[in-house]
Amino acid sequence: MLDIAFAKSALPKSGALALLIAEDANSPTREVLAAADAATGGAVSRALAVADFSGKQGQSAIVLAPGAGLTRVVAIGLGKAADLTSAGLENAGGSAAAQLGRDAVAALSAAGLSGAQAAAAALGATLRRYRFDLYRTKEKADDKPKLAKLTVLTDELPKAKAAWVAGKALADGVYLARDLVSEPPNVLNPVEMAERCKKLTALGVKVEVLGPREMTKLGFGSLMGVAQGSAAEPRMVVMKWDGAPATKGGKGKAKPLAFIGKGVTFDTGGISIKPAAGMEDMKFDMGGAAAVIGLMAALAGRKAKVDVVGLVGLVENMPSGTAQRPGDVVKSYSGQTIEVINTDAEGRLVLADVLWYCQQKFDPRFMVDLATLTGAMIVALGHDYAGFFANDDTLADQIAAAGRASGELAWRMPLDASFDKQIKSDIADMKNVGGRPGGAITAAAFIQRFVNGKTWAHLDIAGTAWAYSDQATVPKGATGYGVRLLDRMVAENFER
Ligand code: BES
Ligand code: MN
Ligand code: ZN
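Residues numbered from 1 in each chain as written. Chains lettered and ligands numbered in written order. Predicted model: local features only at pLDDT ≥ 70, side-chain atom pairs only at ≥ 80, totals over all residues. Heavy atoms only, no water.

Visitor: Help me understand helix α10 (residues 347-362) in this model?
Guide: Each full turn of the α-helix corresponds to 3.6 residues, which orients residues three or four apart in the same direction. Compared with the 22 Å implied by 1.5 Å per residue over 16 residues, the 22 Å span of α10 between its first and last C-alpha is a close match. Across the 16 residues that make up α10, a large majority, 14, are buried. Taken from the residues just after α10, Asp-363 is the one with a positive phi, measuring 40°. (Helix = DSSP H or I, 4+ residues; strand = E, 2+ residues; numbered from the N terminus. Expected span 1.5 Å × (residues − 1). Buried < 20%, exposed > 50% of the residue type's maximum accessible area, 1.4 Å probe, protein only.)

Shown next, in the form of structure tokens:
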């Protein structure tokens, strides 16, 4: 991971320097610019003027070898200081990291900004510098990204360092989620993924793993039906973080928050097999589970003062002589029966049993599930917004607000009772698909039958789990979507 250090604002004597500059003419962020100009005989400002750089949000300009020992100065526009959000600062830090060039050690000036804002820029830089290198054995040194250490210059050194404790924990959580999603499906099967969950015990998370015998005994017919075609055994992992301080007078603690993830380590579609083109993408079908695991790591890493349970259902959806067939009827842990019309609608079958188990076992304050659930969600909202569904307006507002604040956007979708009609079955309590119209919504309607009336939201992250091109804080590849949004949602509503 990018090594982040903080230091008092001062013009560095050598190397590459990124400047975060607000649009406002008299902004204190421009004082470093003045210092750089004083040292270089005005070279930096002259170059920025030629580049039409004015500090507008999203603008950037690179000045090579301006003098005073500096190899390059990268100016990043922040827009108007009054409109600046932490997501905007993360984006600015990410753009800076992408443009800092060939120096392994560089500086990022957050002068004129608060310590918390400096830490947000550090987070963005760290997230943009992510790379999954495990299986590259022949890459030339020249082709590798150089930036290894970034010193963030700030006027509020102690505050920046304090904010970075949480920022670093969040970056660790996002990195973990991205690593899990990036791993190839021959390596990361359900058994291996459960092993990775166990590593969270080092952070103080309690981890319990259930295998096929325990889940069969419990009556997880819906999840086990998906798993039965694979040579790899399924797992359900329960992770607990007890961070809430005990209440005075021994009145006991508030109910935990619960996060549930779809962890299909590879989705071939099963007997309803998918077309070959692009099937390799379906290694990311465990992106919901990865986000829950990354979230637990982030919360534990920053010692969040809240009780949280994270549950992931881990299976591989394969066609084989033991695979379930279209037409099969399975009995879920809730007791409700399901006619499996399409074995490719497997995520909802996995979530059904895990959600029922979660509400039975933990009686949580709410449940939020994340799943790369439907192609229909991508058709509806594309890749910049996840779609979400909720049976509670307060929870819905908390998710949408945390999405805006974190930059991981989420748009609420309708979930009226009318959609539920589409999953009526002629032979069982329901069928697992509702046809093409509103495909993401009927999937949510299916899941809702397994929340037992509890406060609940479902995020369909099919379009946001993977980036098909570079974004400010996300290099092409696994995004870790959901970790930042939910960490923020917990911090803003349940720790104060
Ligand atoms: N994992 C897929 C959804 C998906 C598709 C995610 C493309 C990301 C990109 C899911 O298990 C699935 O196959 N859903 C089907 C449901 C259909 C059979 C009702 C789909 O969306 O086609
Ligand atoms: Mn599928
Ligand atoms: Zn799937």
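Additional details are given in the paragraphs that follow.
Visitor: What exactly am I supposed to notice about unusual backbone geometry here?
Guide: Trans is the common state for peptide bonds, and a negative phi is the common state for residues other than glycine. A positive phi angle, close to 55°, is found at Ala-68, a residue other than glycine. One can find Ala-68 in the loop between β3 (60-67) and β4 (70-79). For Asp-363, which is not glycine, the phi torsion reads 40° and is therefore positive. Here Asp-363 shows up in the loop between α10 and β13 (366-371).

Visitor: Just checking my understanding: could you explain the coordination of the manganese ion (ligand 2) for this structure?
Guide: Geometrically, a metal with four donors at the corners of a regular tetrahedron has ideal angles of 109.5 degrees, and one with six donors at the corners of a regular octahedron has ideal angles of 90 or 180 degrees. Surrounding the manganese ion (ligand 2) are the protein donor atoms Asp-267 (OD), Asp-344 (O), Asp-344 (OD) and Glu-346 (OE), which sit 2.0 to 2.2 Å from the metal. Geometry at the manganese ion (ligand 2) is irregular, judged from the 6 donor atoms that bind it and their angles of 71 to 169° at the metal. When the donor residues of the manganese ion (ligand 2) are listed from N- to C-terminus, their spacing reads D-x76-D-x1-E. If you look at the manganese ion (ligand 2) and the zinc ion (ligand 3), they sit 3.1 Å from each other and are both ligated by Asp-267. Placement of Asp-267 in strand β9 (residues 257-267) and of Asp-344 in the loop between β12 (337-339) and α10 is noted, with a sequence separation of 77 residues between them. For Asp-267, a relative accessible area of 3% puts it in the buried group. (Donors = N, O, S within 2.8 Å, 3.2 Å for Na, K, Ca; no water. Tetrahedral: all angles 85-135°; square planar, octahedral: opposite > 155°, others 65-115°.)

Visitor: Please explain the site of ligand 1 as it appears in this structure.
Guide: Close to ligand 1 lie 17 residues; Lys-274, Asp-285, Asp-344, Glu-346 and Gly-375 are nearest. In the environment of ligand 1, an oxygen atom lies 2.7 Å from a nitrogen or oxygen atom belonging to the side chain of Asp-344. For ligand 1, whose free accessible area comes to 510 Å², the fraction covered by protein is 77%. Within the residue set of the shell around ligand 1, elements represented by two or more residues are β9 and α11 (375-381). Here the residues of the shell around ligand 1 sort into 6 nonpolar, 4 polar and 7 charged. (Near = heavy atom within 4 Å. Polar contact = N/O pair within 3.5 Å; in protein donor to acceptor, adjacent residues only side chain to side chain. Areas by Shrake-Rupley, 256 points an atom, 1.4 Å probe, with all protein chains shown as cover. Nonpolar A, V, L, I, M, F, W, Y, C, P; charged D, E, K, R; others polar.)

Visitor: Looking at this structure, I do not really get the coordination of the zinc ion (ligand 3). What am I missing?
Guide: The coordination sphere of the zinc ion (ligand 3) contains the protein donors Lys-262 (NZ), Asp-267 (OD), Asp-285 (OD) and Glu-346 (OE), at a distance range of 2.0 to 2.4 Å. Metal-centred angles of 78 to 176° between the 6 donor atoms at the zinc ion (ligand 3) mark the site as octahedral. Classification of Lys-262 by relative accessible area gives buried; the value is 2%. The class of Asp-285 is buried, set by a relative accessible area of 2%.

Visitor: Would you explain the nonpolar core in this entry?
Guide: Buried together is how nonpolar side chains tend to be arranged in soluble globular proteins. By size, the foremost hydrophobic cluster in this structure holds 99 residues, and its most contacted members are Met-239, Phe-259, Val-368 and Ile-399. Considering each element in turn, this core owes the most residues, 11 residues, to helix α9 (residues 287-301). Lining this core are residues from two domains, each supplying at least three of them: domain 1 (3-158) and domain 2 (169-494). When sequence neighbours within four positions are dropped, the list of residues in contact with Val-368 reads Ala-258, Phe-259, Ile-260, Leu-395, Ile-399, Ala-457, Leu-459, Leu-486 and Met-489. Judged by nonpolar contacts, the second largest core, of 47 residues, contains Leu-223, Val-354, Leu-415 and Phe-419. (Core = buried A, V, L, I, M, F, W, Y, C linked by side-chain atoms within 4.5 Å. Domains from an automatic or database assignment. Contact = heavy atoms within 4.5 Å.)

Visitor: Hey, could you run me through the sheet that holds strand β7 (residues 206-210) in this one?
Guide: Hydrogen bonds between backbone atoms are what pair the strands of a sheet, whose relative direction is either parallel or antiparallel. Spatially, the 8 strands line up as an open sheet ordered β7-β8-β10-β9-β13-β17-β14-β15, and their pairing is mixed. A strand with exactly one partner marks an edge of an open sheet, and here the two such strands are β7 and β15 (410-412). Strand-to-strand twist across the sheet, computed as the mean angle between neighbouring axes with direction ignored, equals 20°. (Pairing = 2+ DSSP bridges. Axes fitted to C-alpha atoms, helices over the stretch in contact; angles between N-to-C directions.)

Visitor: In this structure, what is going on with the domain arrangement of the chain? I would like to understand it.
Guide: Often, the extent of an interface is quoted as the loss of accessible area upon association of its parts. Each domain of the chain was delimited in the assignment, giving domain 1 (3-158) and domain 2 (169-494). Just the C-alpha atoms count here: the centres of domain 1 and domain 2 sit 37 Å apart. Contact with domain 1, which involves 16 residues of that partner, is made by 22 residues of domain 2. On the domain 1 side of the contact with domain 2, Leu-127, Arg-128 and Tyr-130 bury the most area, a combined 45% of that side's loss. (Buried area = accessible area lost by both parts, 1.4 Å probe.)

Visitor: Mind showing me how you'd approach the pattern of salt bridges here?
Guide: Once the charged atoms of two side chains with opposite charge are near each other, the side chains can pair. Under the definition given, this model contains 26 salt bridges. Glu-139 is the partner of Arg-131 in a salt bridge, and the nearest nitrogen-oxygen pair spans 2.7 Å. When its relative accessible area of 23% is taken as the criterion, Glu-139 is described as partly exposed. The partner of Arg-412 in a salt bridge is Asp-393, and the shortest N-O contact between them spans 2.9 Å. On the criterion of sequence distance, the pair formed by Arg-412 in strand β15 and Asp-393 in helix α12 (residues 393-406) is long-range, its members being 19 residues apart. Owing to a relative accessible area of 34%, Arg-412 belongs among the partly exposed residues under this scheme. Bridged by salt links that share partners, the residues Arg-131, Asp-133, Arg-136 and Glu-139 form one connected network. (Salt bridge = Lys/Arg side-chain N within 4 Å of Asp/Glu carboxyl O.)

Visitor: How should I be thinking about helix α2 (residues 43-50) in this particular structure?
Guide: Within α2, burial applies to Ala-43, Val-44 and Leu-48. Buried positions in α2, seen along its axis, are confined to an arc of 130° and lie on one side of it. In α2, those exposed residues whose orientation departs by more than 90 degrees from the buried face are Arg-46, Ala-49 and Val-50. Looking at the buried residues of α2, the elements they touch are α1 (31-40), β3 and β4. Among the residues trailing α2, Asp-52 stands out with phi positive, at a value near 60°. (Arc of directions from axis to C-beta.)

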